[in-house]
Amino acid sequence: MRQAQRGSISLFRVALFSAAFAAVAMAALFSMRYERNLFAEGWRKLSGAAGMSAVAGAAAPAPGAGVLRKCVLNGKTVFSDVACAADDPRSTLVKVQRTRGIEAPKAPPAPPADASPATLREKMLEKASR
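What this report covers is the structure whose coordinates are included nearby. (Residues numbered from 1 in each chain as written. Predicted model: local features only at pLDDT ≥ 70, side-chain atom pairs only at ≥ 80, totals over all residues. Heavy atoms only, no water.)

Topic: the overall build of the protein
Per the secondary structure count, the protein includes 3 helices and 3 strands. Counting helices and strands in the order they occur from the N terminus, the protein gives α-α-β-β-β-α. Per-residue burial for the protein yields a buried fraction of 9% across its 130 residues. A sequence separation of at least 24 residues applies to 25% of the contacts in the protein between residues at least 6 apart. (Helix = DSSP H or I, 4+ residues; strand = E, 2+ residues; numbered from the N terminus. Buried < 20%, exposed > 50% of the residue type's maximum accessible area, 1.4 Å probe, protein only. Contact = heavy atoms within 4.5 Å.)

What follows is the structure, encoded as structure tokens:
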């Protein structure tokens, strides 16, 4: 005679929970790899919030053009001075550090011309006197 399983957790419930946990973990790894936040995108779709009003191709220049901002357009992180609106709460201001790039190495200083002996004889005498 078979005994009934004791406890409230069945094998089927454990399998469903494991599958759901694996799906969430895979979505998190996908979000990290492709620099997208699938959870925020899904929440926006579920909550019915309007998507980003500015599209990269049809964006009007921002009033403070020349200021670099970071925002997310169509699921991609974008650094722009035009496409990222200043009134968008999700866009952030980026501080740009100006660099000089690669500088050419400096030439070594020239040896003093008056300290060296002029002729071979003077060189030999100086070498012998040391």
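Focus on the state of the cysteines
Working definition: the covalent bond between the sulfur atoms of two cysteines is a disulfide. In the structure shown here, the tally under the stated rule is 1 disulfide. Between C71 and C84 runs a disulfide, and the two sulfur atoms are separated by 2.1 Å. Between C71 and C84, the S-S dihedral sits near -75°, and the bridge is therefore left-handed. Of the two residues, C71 is situated in strand β1 (residues 69-73) and C84 in the loop between β2 (76-80) and β3 (92-93); the sequence distance between them amounts to 13 residues. Considered together, C71 and C84 belong to a single accessibility category, that of buried residues. (Disulfide = S-S within 2.5 Å.)

Considering the sheet that holds β3
Taken in spatial order, the 3 strands line up as β2-β1-β3 in an open sheet, and their pairing is antiparallel. Strand pairing shows two members of the sheet lacking a second neighbour, β2 and β3, which therefore form its edges. Taken together, the 5 bridges between β1 and β2 define a ladder with antiparallel strand orientation. Opposite K70, over in β2, you have F79 as the bridge partner. (Pairing = 2+ DSSP bridges.)

Thoughts on the side chain of S31
Inspection of the secondary structure puts S31 in helix α1 (residues 11-33). For S31, the residues in contact, after removing those within four places along its chain, are R36, N37 and L38.

Some remarks on the environment of V82
With respect to the secondary-structure elements, V82 resides in the loop between β2 and β3. Considered as a pair, V82 and R69 are 13 residues apart in the sequence and their alpha carbons are 8.5 Å apart.

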